[in-house]
Amino acid sequence: MPFNRFTLATSAIFSLVVLSACQQTPPLPSEYDGTRAAYSEWSCNGEPMLAQFYGARVVISDSSSSRWLDRGTQVGQVFRNDTHSVRFRDDTAIWTQHGESVTCTQRALPEHWQEAMQAGRGKLHFMAEGPQQQWQFKLLDKQAIIEAAEEDGHRVDRTLPAGEGTYYLDMWTFNIQTPQDRMRVQVVDGLCRNRRDQIPYPSSVQINWNDQVLQGCGRWLAKSGYRP
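All values derive from a computational prediction rather than experimental measurement. (Residues numbered from 1 in each chain as written. Predicted model: local features only at pLDDT ≥ 70, side-chain atom pairs only at ≥ 80, totals over all residues. Heavy atoms only, no water.)

(A) Summary view of the sheet that holds strand β5 (residues 78–80). The 8 strands are arranged β1-β2-β3-β4-β5-β6-β7-β8 in a closed barrel whose pairing can be described as antiparallel. Strand-to-strand twist across the sheet, computed as the mean angle between neighbouring axes with direction ignored, equals 30°. Across 6 bridges, strand β7 (residues 92–97) lies against strand β8 (residues 100–106) in antiparallel orientation. If you follow Gln 97 over to β8, its bridge partner there is Glu 100. (Pairing = 2+ DSSP bridges. Helix = DSSP H or I, 4+ residues; strand = E, 2+ residues; numbered from the N terminus. Axes fitted to C-alpha atoms, helices over the stretch in contact; angles between N-to-C directions.)

Laid out in structure tokens, this is it:
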């Protein structure tokens, strides 16, 4: 199947524009030396909320802002700062902002993400996508799978050997080379907000694929659904 470079190049430029203004996770305290932790995603009266856990602290992100909360006196369940608090329970979370509280429930992944997980049969580790699903990237077992839209509506698929990857300073890097493709994948654990839908994601990704550069948001699926 021919590879349409114009469409991916346009997609990459659009992705850069969309993501360039994303608000990232607030900087970690200088004394923090652990790896990025698990996360959970919530719906709070229709507002998407992301909780990213770092030991005794959590970053709470909605569609417009992010803030650090510290663990409260009830160990493992309540996190707060001067104006906000979140109390986690088994299947709900109580989110209080400036004295007003709302009950949050677990936010389901989009249907096409759920279908990808089922098709992966428990071996889908990471997934990311570009704006309007113009491209999709998956780490399935030790394979990298990328699907991208062509100008005529067809999609080009590649399955490449990903290997183990390397981890350093919150970033996973996968260097892939075959006779037909060169790919460098960098997954950064931390807030990524796609401005088209305002939904906060727990990871961002940059993919250098031959002469294309793709940027988008994604999730390490094995780390999802965490409750303190």
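(B) Representation of the packing of aromatic side chains in the model. Evaluation of the coordinates by the stated rule reveals 10 aromatic pairs. Put simply, the rings of Trp 42, Phe 53, Phe 79, Phe 88 and Tyr 226 pair up and form one aromatic cluster. Looking at Arg 219, its charged tip hangs above the ring of Trp 113, at a distance of 4.5 Å from the centre. (Phe/Tyr/Trp six-rings, centres within 6.5 Å; stacked < 30°, edge-to-face > 60°. Lys NZ or Arg CZ within 6 Å of the ring centre and 35° of its normal.)

(C) Quick look at the nonpolar core. Phe 137, Met 183 and Ile 207 are the most contacted members of the largest nonpolar core, which has 21 residues in total. Only β9 (124–129), β10 (135–140), β11 (143–149), β12 (155–161), β14 (171–177), β15 (182–193), β16 (200–209) and β17 (212–220) provide two or more residues apiece to this core. Excluding its chain neighbours within four sequence positions, the residues that come into contact with Met 183 are Phe 137, Ile 146, Leu 160, Phe 174, Asn 175, Ile 176, Ile 207, Asn 208 and Trp 209. Core analysis: the next-biggest nonpolar cluster, separate from the first, contains 15 residues, Met 49, Val 58, Ile 60 and Leu 69 among them. (Core = buried A, V, L, I, M, F, W, Y, C linked by side-chain atoms within 4.5 Å. Buried < 20%, exposed > 50% of the residue type's maximum accessible area, 1.4 Å probe, protein only. Contact = heavy atoms within 4.5 Å.)

(D) Focus on the environment of Lys 123. One can find Lys 123 in the loop between α2 (111–120) and β9. A sequence separation of 18 residues divides Lys 123 from Asp 141, and the C-alpha atoms of the two residues are 5.1 Å apart. Ignoring anything within four residues of it in the chain, the contact list for Lys 123 reads Leu 139, Leu 140 and Asp 141.

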